[in-house]
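Read off the chains here:
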Amino acid sequence: MHSAIDRLIKKGTYLLFVSLLWVSHSVIAGGNPASEVEILKFQFIPQEITIKAGTTVRWTNKEKRQYHSVWFEQAGDPEPQYFFPGETFERTFDQPGVYPYRCGPHPKMTGTVVVE
Ligand SMILES: [Cu+2]
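Residues numbered from 1 in each chain as written. Predicted model: local features only at pLDDT ≥ 70, side-chain atom pairs only at ≥ 80, totals over all residues.

Visitor: Which parts of the structure should I look at to understand the overall build of the chain?
Guide: Per the secondary structure count, the chain includes one helix and seven strands. Tracing the chain from N to C terminus, the helices and strands come up as α-β-β-β-β-β-β-β. Within the span of the chain, comprising 116 residues, buried residues form 14% of the whole. Taking the intrachain contacts of the chain between residues at least 6 apart in sequence as the baseline, contacts between residues at least 24 apart amount to 46%. (Helix = DSSP H or I, 4+ residues; strand = E, 2+ residues; numbered from the N terminus. Buried ≥ 20, exposed ≤ 12 C-beta atoms within 10 Å, placed from the backbone. Contact = placed C-beta atoms within 7 Å.)

Now the structure itself:
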């Protein structure tokens, strides 16, 4: 009798422990979802990212020599300055929505930021 209850308690403690681990892991992982985009070989990598409202996305130019820009033309942003290898560009997204963008000097380079 006792041992059956003991086992139940042990099982309950174990489940509680596992769920606590899971919750703390989600909190840590959810603290900063992927908000980094690399620019390499005339591509935005990843081409589409999904972030939570209020997140700042950072683009890093990983090319050897080529400059680029990140232009949210459809959102009404003015064309930003080009940035060079090793340099970054940041933009914060406060409103949920779908934000397509392009590179100013290379219109075929496109990407999308999805804000949840
Ligand atoms: Cu470009």
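Visitor: How should I be thinking about the UniProt feature "binding site: Cu cation" (unreviewed entry) in the chain in this particular structure?
Guide: With numbering aligned to this structure, UniProt lists the feature "binding site: Cu cation" (unreviewed entry) at H68, C103 and H106. A maximum C-alpha distance of 7.6 Å places the annotated residues, which cover 39 residues in sequence, within one compact spot. Here H68 is in contact with I39, N61, Y82, F83, C103, H106 and M109, once residues within four sequence places are set aside. Considering the arrangement of structural elements, one finds C103 in the loop between β6 (97-102) and β7 (110-115). Apart from the residues lying within four places of it in its own chain, the contact partners of C103 are H68, S69, V70, W71 and M109. (UniProt positions renumbered as here; feature names shortened; annotations may be inferred.)

Visitor: What exactly am I supposed to notice about the sheet that holds strand β1 (residues 36-40) here?
Guide: Sheet strands pair via backbone hydrogen bonds, and the direction of the pair is either parallel or antiparallel. Read from one edge of the open sheet, four strands run β2-β1-β4-β5, paired in mixed fashion. Both edges of this open sheet fall to β2 (43-45) and β5 (88-93), since each of them pairs with a single strand only. Each strand of the sheet is rotated relative to its neighbour by a mean of 20°, with strand direction disregarded. Here three bridges tie β1 to β2, and the two strands are oriented antiparallel to one another. Paired with I39 across the strands is F44, a residue of β2. (Pairing = 2+ DSSP bridges. Axes fitted to C-alpha atoms, helices over the stretch in contact; angles between N-to-C directions.)

Visitor: Looking at this structure, how should I read the sheet that holds β6?
Guide: Pairing is mixed in the open sheet, where three strands are placed in the order β3-β7-β6. Looking at which strands have only one partner, the edges of the open sheet turn out to be β3 (48-51) and β6. Going from strand to strand, the sheet's axes swing by 20° on average, the running direction of each strand aside. Bridge count between β6 and β7: six bridges; the pairing is antiparallel. Directly across from V98, in β7, lies its bridge partner V114.

Visitor: Is there a simple way to think about the pairing of β1 in this case?
Guide: Strand residues, when the strand is regular, have side chains that alternate between the two faces of the sheet. Covered by surrounding structure in β1 are V37 and I39 only, the residues E36, E38 and L40 on the alternate face being uncovered. Judged from the four bridges that link them, β1 and strand β4 (residues 55-61) form a sheet pairing that is parallel. Within β4, the position partnered with E36 by the bridge is R58. Connecting the antiparallel pair β1 and β2 is a turn made up of two residues, with K41 showing a positive phi of about 50°.

Visitor: Would you mind showing me how to read the nonpolar core here?
Guide: A general trend in soluble globular proteins is that nonpolar side chains are found buried together. In this structure, V37, I39, F44, I51, V57, W59, V70, F93, Y101, C103 and V113 together form the largest nonpolar core, which totals 11 residues. Discounting residues that sit within four places of it in the chain, F93 has contacts with I51, A53, T55, V57, Y99, V113 and V115. (Core = buried A, V, L, I, M, F, W, Y, C linked by C-beta atoms within 7 Å.)

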